[in-house]
Amino acid sequence: MNRTAFKSKEGKALIRGFCEKTIRNWPVKHERLNVSASGYKTHIIVSGPADGEAVILLHGTGTNSASWMGDVPGLSEEFRVYAVDIPGEPGLSDEQRLSMAEGDPPGWLEGLFESLGLEKAHLIGMSLGGCFSLMFGAAHPEKVSSMTLLAPPGLAAARL
């Protein structure tokens, strides 16, 4: 099983180049962080007031933090926004995918909270990011201020 989003070095270079170009056009003032979260290098674009409540944005599979460019300006007015590239997806974090079977997502998010010094945050997750939010919220409800889920998989059995 391929545990990385990239099929070739050339594809990886193209996608990461696109990510860098996109970040240069980020719609609000921001800073970039690379933190270690449970052993995974995780790239984050941070914006909004330093004293604002934390909001963590988790994108869907096959994409990256650029998914949130349209949402970041409004959220950044009031909140400290962390647009995260999930490891193993085509972004700037580690290319090794988190293992659902081994329960990596909640541990990775817990490590992310620790690396960022967060005790609590609002989670906004799209698709895969929604699934990770649910898993983390079930394991650590005391760390979740609120949860907004956009088309998360796993809420109900699939009908075939």
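Residues numbered from 1 in each chain as written. Predicted model: local features only at pLDDT ≥ 70, side-chain atom pairs only at ≥ 80, totals over all residues. Heavy atoms only, no water.

### Topic: helix α1 (residues 9-24)
Compared with the 22 Å implied by 1.5 Å per residue over 16 residues, the 23 Å span of α1 between its first and last C-alpha is a close match. Here α1 has its buried residues at Arg16, Cys19, Thr22 and Ile23. In an axial view of α1, the angular spread of the buried residues amounts to 115°, which keeps them on one side of the axis. Exposed side of α1, more than 90 degrees from the buried face: Glu10, Ala13, Leu14, Phe18, Lys21 and Arg24 are the residues found there. Where the residues of α1 are buried, they touch β1 (31-37) and β2 (40-47). (Helix = DSSP H or I, 4+ residues; strand = E, 2+ residues; numbered from the N terminus. Expected span 1.5 Å × (residues − 1). Buried < 20%, exposed > 50% of the residue type's maximum accessible area, 1.4 Å probe, protein only. Arc of directions from axis to C-beta. Contact = heavy atoms within 4.5 Å.)

### Some words on the packing of aromatic side chains
Enumeration over the complete set of coordinates arrives at two aromatic pairs. Between the aromatic rings of Trp108 and Phe132, the centroid separation amounts to 6.3 Å while the plane-to-plane angle is 65°, which identifies the pairing as edge-to-face. Of this pair, Trp108 sits in helix α3 (residues 104-116) while Phe132 sits in helix α4 (residues 128-139); the two residues are 24 residues apart in sequence, bridging distant segments of the chain. Of the two residues, Trp108 and Phe132, neither departs from the other in class, the shared state being buried. (Phe/Tyr/Trp six-rings, centres within 6.5 Å; stacked < 30°, edge-to-face > 60°.)

### Regarding the pairing of strand β3 (residues 54-58)
Among the five residues of β3, five are classified as buried, and the element is accordingly described as predominantly covered. Residues of β3 alternate between two faces, with Ala54, Ile56 and Leu58 on one and Val55 and Leu57 on the opposite face, all of them buried. Pairing of β3 with strand β4 (residues 80-84), which is carried by five bridges, proceeds in the parallel orientation. Looking at β4, one finds that Leu57 is bridged to Ala83. Direction of pairing for β3 relative to strand β5 (residues 121-126): parallel, over a ladder of four bridges. Considered in β5, the bridge of Ile56 is made with Leu123. (Pairing = 2+ DSSP bridges.)

### Observations concerning the environment of Thr4
By the element assignment, Thr4 lies in the segment before α1. Counting along the chain gives 66 residues from Thr4 to Gly70, while the straight-line C-alpha distance between them is 27 Å. Ignoring sequence-local partners within four residues, the contact set of Thr4 consists of Gly88, Glu95 and Arg97. Engagement of the side chain of Thr4 in a polar contact is seen with the backbone nitrogen of Phe6, the distance being 3.4 Å. (Polar contact = N/O pair within 3.5 Å; in protein donor to acceptor, adjacent residues only side chain to side chain.)

### Remarks on the sheet that holds β3
Ordered by their spatial adjacency, six strands build an open sheet running β1-β2-β4-β3-β5-β6, and the pairing between neighbours is mixed. The open sheet has two edge strands with one neighbour each: β1 and β6 (144-150). When strand polarity is set aside, the average angle formed by the axes of neighbouring strands in this sheet is 25°. Where β1 and β2 come together, seven bridges link them in antiparallel fashion. Counted as the bridge partner of Leu33 is Ile44 from β2. Lying over the sheet, α3 contacts β1, β2, β3, β4 and β5, oriented at roughly 125° with respect to β1. (Axes fitted to C-alpha atoms, helices over the stretch in contact; angles between N-to-C directions.)

### A few points about the side chain of His59
By the element assignment, His59 lies in the loop between β3 and α2 (72-76). His59 gets classed as buried once you look at its relative accessible area, which sits at 0%. Among the polar contacts made by the side chain of His59, one reaches the main-chain amide nitrogen of Ile86 at a distance of 2.9 Å. What His59 contacts, discounting residues up to four positions off in sequence, is Asn64, Ser65, Ser67, Trp68, Val84, Asp85, Ile86, Glu89, Met126, Leu128 and Gly129.

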